[in-house]
Amino acid sequence: HSVALQILEMQGRLLLCSLAAASGLVVTPKVNVGRTMQARHSSMQMAAAADDFVPDMQRRTIMNLVLVGGAGVPVLWLPGGVLFFLFPPSGG
C-alpha cells in the first residue's frame, strides 16, 4: 500500500468510528400508543416539604459563599494556567 492509501483508510476508519460514537447520542422520542388523554389532563402537584422549612438569610449567605468559593478556584485556575503558558517565566 502507498502512504496516501493508508492515510485514506485511516480517515475512513476514523469517520466510521466517529459516526458510531455519535449514533449513541441520538435520542428518539418515546411513543405511548396505549395511553389515553388522561395523562394530558392530570392535575399538577406541587412538591413541597412537609414542614415548609426555608433557611434563614445567614445560612443562605454562607452556602452562597461556599458555592462561589468552590467554583471560583477552578475558574480562576484555568486562566492562570493559560497566562503561564503564554508568558513563561524568563530565566535570567
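This text follows the structure it describes.
Residue positions are counted from 1 within each chain, in the order its sequence is given. The predicted nature of this model means local features are confined to residues of pLDDT at least 70 and side-chain atom pairs, given and counted, to a pLDDT of 80 or more, with totals for whole chains, interfaces and linings taken over all residues. Hydrogens and water are ignored here; the side-chain numbers use all heavy atoms of the structure.

Of the regular secondary structure elements, the protein holds two helices and zero strands. Across the 92 residues that make up the protein, the buried fraction comes to 1%. Here the accessible surface of atoms and residues is derived via Shrake-Rupley with a 1.4 Å probe, and residues count as covered only by protein chains that are part of the display. Accessible area for the protein stands at about 9400 Å²; split by element, carbon and sulfur atoms hold 69% of it. Going along the chain from the N terminus, every DSSP run of H or I of four or more residues is numbered as a helix, and every run of E of two or more is numbered as a strand. In this scheme, a residue with accessible area under 20% of its type's maximum is buried, one over 50% is exposed, and one in between is partly exposed, where area comes from a 1.4 Å probe on protein chains only.

For helix H2 (residues 57-86), built from 30 residues, the straight-helix expectation of 44 Å at 1.5 Å per residue is met to within 8% by its first-to-last C-alpha distance of 43 Å. At Gly-72, H2 shows its largest kink, close to 30°, and the proline Pro-74 lies no more than four residues downstream. Across the 30 residues that make up H2, only a small minority, one, are buried. Given a helix with a known number of residues, its expected span is that number minus one, times 1.5 Å. One fitted axis covers the seven residues ending at a residue, a second covers the seven starting there, and the bend at that residue is the angle between these axes.

One speaks of a salt bridge when a side-chain nitrogen belonging to Lys or Arg is within 4 Å of a carboxyl oxygen belonging to Asp or Glu. Enumeration according to the criterion identifies one salt bridge in this entry. In this structure, Arg-59 engages Asp-56 in a salt bridge whose closest nitrogen and oxygen atoms are separated by 3.9 Å. For Asp-56, a relative accessible area of 41% puts it in the partly exposed group.

Let us look at a nonpolar patch on the surface. Put simply, a patch holds well-exposed residues, over 30% relative accessible area, that have no salt bridge, with like charges counted together within 9 Å and Val, Leu, Ile, Met, Phe, Trp or Tyr side chains within 5 Å. Judged by side-chain polarity, Val-82, Leu-83, Phe-85, Leu-86 and Phe-87 come together as a nonpolar surface patch covering roughly 590 Å² of accessible area. With respect to the helices and strands, the residue Phe-87 is situated in the segment after H2. Overall, the relative accessible area of 61% leaves Phe-87 in the exposed class.

Another point: helix H1 (residues 3-23). With 21 residues, H1 extends 30 Å between its outermost C-alpha atoms, agreeing within 8% with the 30 Å of an ideal straight helix rising 1.5 Å per residue. Of all 21 residues in H1, zero are buried; the element is thus mostly exposed.

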